[in-house]
Amino acid sequence: ETGVTQTPRHLVMGMTNKKSLKCEQHLGHNAMYWYKQSAKKPLELMFVYSLEERVENNSVPSRFSPECPNSSHLFLHLHTLQPEDSALYLCASSGGLGGSGEQYFGPGTRLTVT
Amino acid sequence: GQNIDQPTEMTATEGAIVQINCTYQTSGFNGLFWYQQHAGEAPTFLSYNVLDGLEEKGRFSSFLSRSKGYSYLLLKELQMKDSASYLCAVLNRDDKIIFGKGTRLHILP
């Protein structure tokens, strides 16, 4: 497989559930990102990892917990979510932070919290 | 605060030219990106500008004026497949990327 993959593509969960989103990149990149995309709102950067170290945490509620076990994999652990957390969650990777490091996005996970 | 403004929606005709503007106010500037996002799909990279001027890439060109905090994406010879949202994003001085809300472009036959 090539590029950035995400699983699952769709997820419906109750507010008391615990689930995890998975992202994998096959591009040899060093930086990975989680974004939230809600309707009629700009893409919101949630977390940034560079060389498996978290370098950015954009005031995201603790019910979202990222994990980066290695430079190719990124997880987003979800627990006790709220209905307003329903959104498209996008993972991206880049060669490095900043500069001309264009980001390659995965297809996203469409999350619905009931 | 940090702010990126672009029109919410635009409509153009197949074969024509359209210009999508983006203005920004951010804490420092390390570059500006344009992404294309088709409905239900992930964004894909179109261009990156860090110096003033025009960057041309096939039918798409991107312009930047840092002194004015302004960029535009120019699409020529429009095709129906160009119907998508176009996202302007700025890297601030901390290399944090900030996205605009996107411009939804409708192409009419």
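Residues numbered from 1 in each chain as written. Chains lettered and ligands numbered in written order. Predicted model: local features only at pLDDT ≥ 70, side-chain atom pairs only at ≥ 80, totals over all residues. Heavy atoms only, no water.

Asker: Please explain the sheet that holds strand β6 (residues 53-57) of chain B as it appears in this structure.
Answerer: Strand pairs in the sheet, formed through backbone hydrogen bonds, run parallel or antiparallel to each other. Residues and elements named next belong to chain B. A sheet is described by the order of its strands in space; here five strands give the open sequence β1-β3-β8-β7-β6, paired in antiparallel fashion. Of all the strands in the sheet, the pair left with one neighbour each is β1 (3-5) and β6. Direction aside, neighbouring strands of the sheet carry axes that sit 15° apart on average. When strand β3 (residues 18-25) meets strand β8 (residues 70-75), the two strands line up antiparallel, connected through six bridges. By the bridge assignment, T23 is partnered in β8 with Y70. (Pairing = 2+ DSSP bridges. Helix = DSSP H or I, 4+ residues; strand = E, 2+ residues; numbered from the N terminus. Axes fitted to C-alpha atoms, helices over the stretch in contact; angles between N-to-C directions.)

Asker: What is the right way to read the packing of aromatic side chains from this model?
Answerer: The geometry of two aromatic rings is summed up by the distance between their centres and the angle between their planes. For the coordinates displayed, the defined rule picks out 15 aromatic pairs over all chains. Between A:Y33 and A:Y35 the ring centres are 6.2 Å apart and the planes differ by 25°, which places this aromatic pair in the stacked class. Both residues of the pair, A:Y33 and A:Y35, count as buried. Measuring from ring centre to ring centre gives 5.5 Å for A:F105 and B:Y35, while their planes differ by 90°; the resulting arrangement is edge-to-face. On the criterion of chain membership, the pair formed by A:F105 in strand β10 (residues 104-105) and B:Y35 in strand β4 (residues 31-37) is interchain, its members lying in two chains. A single burial state applies to A:F105 and to B:Y35, both of which are buried. Three or more aromatic residues link up through ring pairs in this structure, and these residues are A:Y33, A:Y35, A:F105, B:F33, B:Y35, B:F45, B:Y48 and B:F99. (Phe/Tyr/Trp six-rings, centres within 6.5 Å; stacked < 30°, edge-to-face > 60°. Buried < 20%, exposed > 50% of the residue type's maximum accessible area, 1.4 Å probe, protein only.)

Asker: Help me understand the sheet that holds strand β1 (residues 4-7) of chain A in this model?
Answerer: Residue and element names in this part refer to chain A. Ordered by their spatial adjacency, four strands build an open sheet running β1-β3-β8-β7, and the pairing between neighbours is antiparallel. Each edge of the open sheet is held by one strand with a lone partner, namely β1 and β7 (64-70). Averaged over all adjacent pairs, the angle separating strand axes in this sheet is 20°, with direction ignored.

Asker: When you look at the interface of chain B and chain A in this model, what are you seeing that I'm missing?
Answerer: Many analyses report the size of an interface as the accessible area lost when the parts associate. Between chain B and chain A, the residue contacts involve 15 residues of the former and 20 residues of the latter. Note on chain B versus chain A: buried area summed over both sides is about 1400 Å², and carbon and sulfur give 61% of it. Considering only the side of chain B, the residues that lose the most area to chain A are B:K96, B:F99 and B:K101, jointly responsible for 30% of the buried surface there. Our count for the chain B to chain A interface comes out at zero salt bridges. Taken together, chain B and chain A are joined by two residue pairs in polar contact (both at pLDDT 80 or more). For the side of chain B that touches chain A, the secondary-structure elements that each account for two or more residues are β4, β5 (44-49), β9 (84-91) and β10 (97-99) of chain B. (Contact = heavy atoms within 4.5 Å. Buried area = accessible area lost by both parts, 1.4 Å probe. Salt bridge = Lys/Arg side-chain N within 4 Å of Asp/Glu carboxyl O. Polar contact = N/O pair within 3.5 Å; in protein donor to acceptor, adjacent residues only side chain to side chain.)

Asker: How should I be thinking about the environment of B:K101 in this particular structure?
Answerer: Among the structural elements, B:K101 can be located in the loop between β10 and β11 (103-108). Here B:K101 falls in the exposed class, since its relative accessible area comes to 59%. C-alpha of B:K101 to C-alpha of B:H38: the two residues are 63 residues apart in sequence and 14 Å apart in space. Aside from chain neighbours lying at most four places away, what touches B:K101 is A:K40, A:K41, A:P42, B:Q6 and B:L87.

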